[in-house]
Structure formats: C-alpha cells, structure tokens
Amino acid sequence: MPTNNIAKKVKFLGVDGIMAAPILLLLLFPSLGMLYFLIGMIVILYILEKRGMSVLMLFRAIRSKIVGNHRFIRPPWRKFR
C-alpha cells in the first residue's frame, strides 16, 4: 500500500490506469475481434495484479527476457579488441 498520495496508482473504472490503455485499441480499430482481445487482455492483467505482479513489473520482466542477463558498459562497436 502506498504511504503517501504521490505513490497512489491511477484507477479507471476500478482497474489500474495502465490496464485501461488497451481500450485505445478498441477506439482505433472497432471490431468484435478487438473487443474479445481487449476483454481477454484486461482479464489476464487483472489476474496477474491480484497475484501480486503489477503491470509495470510485467513490462520489466518482458524487457529483461528480451534483453537478457548481460549488461554491457560499452556498446559492442566500441569494445577494445
């Protein structure tokens, strides 16, 4: 739980504000398939949040899976030979 007002999460219709972002997809591409996709996405994100993983934590986990475990100080093209 947040200890001050600055750390409180934005809520939109009872769900996290970031989870409400897929509604923009429905506004841009209105179709029945997009509605099903939207509902499924919100349900999955809601279940993950109830289990303790916030949406931002999910984004960080996905990013770390893509990038990998290695951290480089210099870009590969500037490394010493």
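Residues numbered from 1 in each chain as written. Predicted model: local features only at pLDDT ≥ 70, side-chain atom pairs only at ≥ 80, totals over all residues. Heavy atoms only, no water.

Here we look at the overall build of the protein
For step 1, the next point in the chain: On a plain count of helices and strands, the protein comes out with three helices and two strands.
For step 2, the next point in the chain: For the protein, the N- to C-terminal ordering of α and β elements is β-β-α-α-α.
For step 3, the next point in the chain: In the protein, buried positions account for 14% of the 81 residues.
For step 4, the next point in the chain: Carbon together with sulfur atoms contributes 68% to the accessible area of the protein, which is approximately 7,500 Å² in total. (Helix = DSSP H or I, 4+ residues; strand = E, 2+ residues; numbered from the N terminus. Buried < 20%, exposed > 50% of the residue type's maximum accessible area, 1.4 Å probe, protein only. Areas by Shrake-Rupley, 256 points an atom, 1.4 Å probe, with all protein chains shown as cover.)

Structural notes on helix 3 (residues 55-67)
For step 1, the next point in the chain: For helix 3, with 13 residues, the first-to-last C-alpha span of 18 Å sits near the 18 Å given by 1.5 Å per residue.
For step 2, the next point in the chain: Positive phi appears at glycine 68, one or two residues downstream of helix 3, with a value of about 100°. (Expected span 1.5 Å × (residues − 1).)

Some words on helix 2 (residues 32-50)
For step 1, the next point in the chain: Counted at 1.5 Å a residue, the expected span for helix 2 with its 19 residues is 27 Å, and the 27 Å between its end C-alpha atoms agrees.
For step 2, the next point in the chain: Against the buried residues of helix 2 lie helix 1 (23-28) and helix 3.
For step 3, the next point in the chain: Phi turns positive, to about 110°, at glycine 52, one or two residues after helix 2. (Contact = heavy atoms within 4.5 Å.)

Overview of a nonpolar patch on the surface
For step 1, the next point in the chain: On the surface, a nonpolar cluster with roughly 710 Å² of combined accessible area is contributed by Leu24, Leu25, Leu27, Leu28, Phe29, Phe37 and Met41.
For step 2, the next point in the chain: Listed by contribution, the elements that provide at least two residues to the nonpolar patch are helix 1 and helix 2.
For step 3, the next point in the chain: Per-element accounting of the nonpolar patch gives the leading share, four residues, to helix 1. (Patch = residues over 30% accessible without salt bridge, like charges linked within 9 Å, V, L, I, M, F, W, Y side chains within 5 Å. Salt bridge = Lys/Arg side-chain N within 4 Å of Asp/Glu carboxyl O.)

Side note on the confidence of the model for the protein
For step 1, the next point in the chain: With 77% of its residues at a pLDDT of 70 or more, the protein shows a mean pLDDT of 77.
For step 2, the next point in the chain: Per-element mean pLDDT across the protein ranges from 67 in strand 2 (residues 15-16) up to 85 in helix 2. (pLDDT = per-residue confidence, 0-100.)

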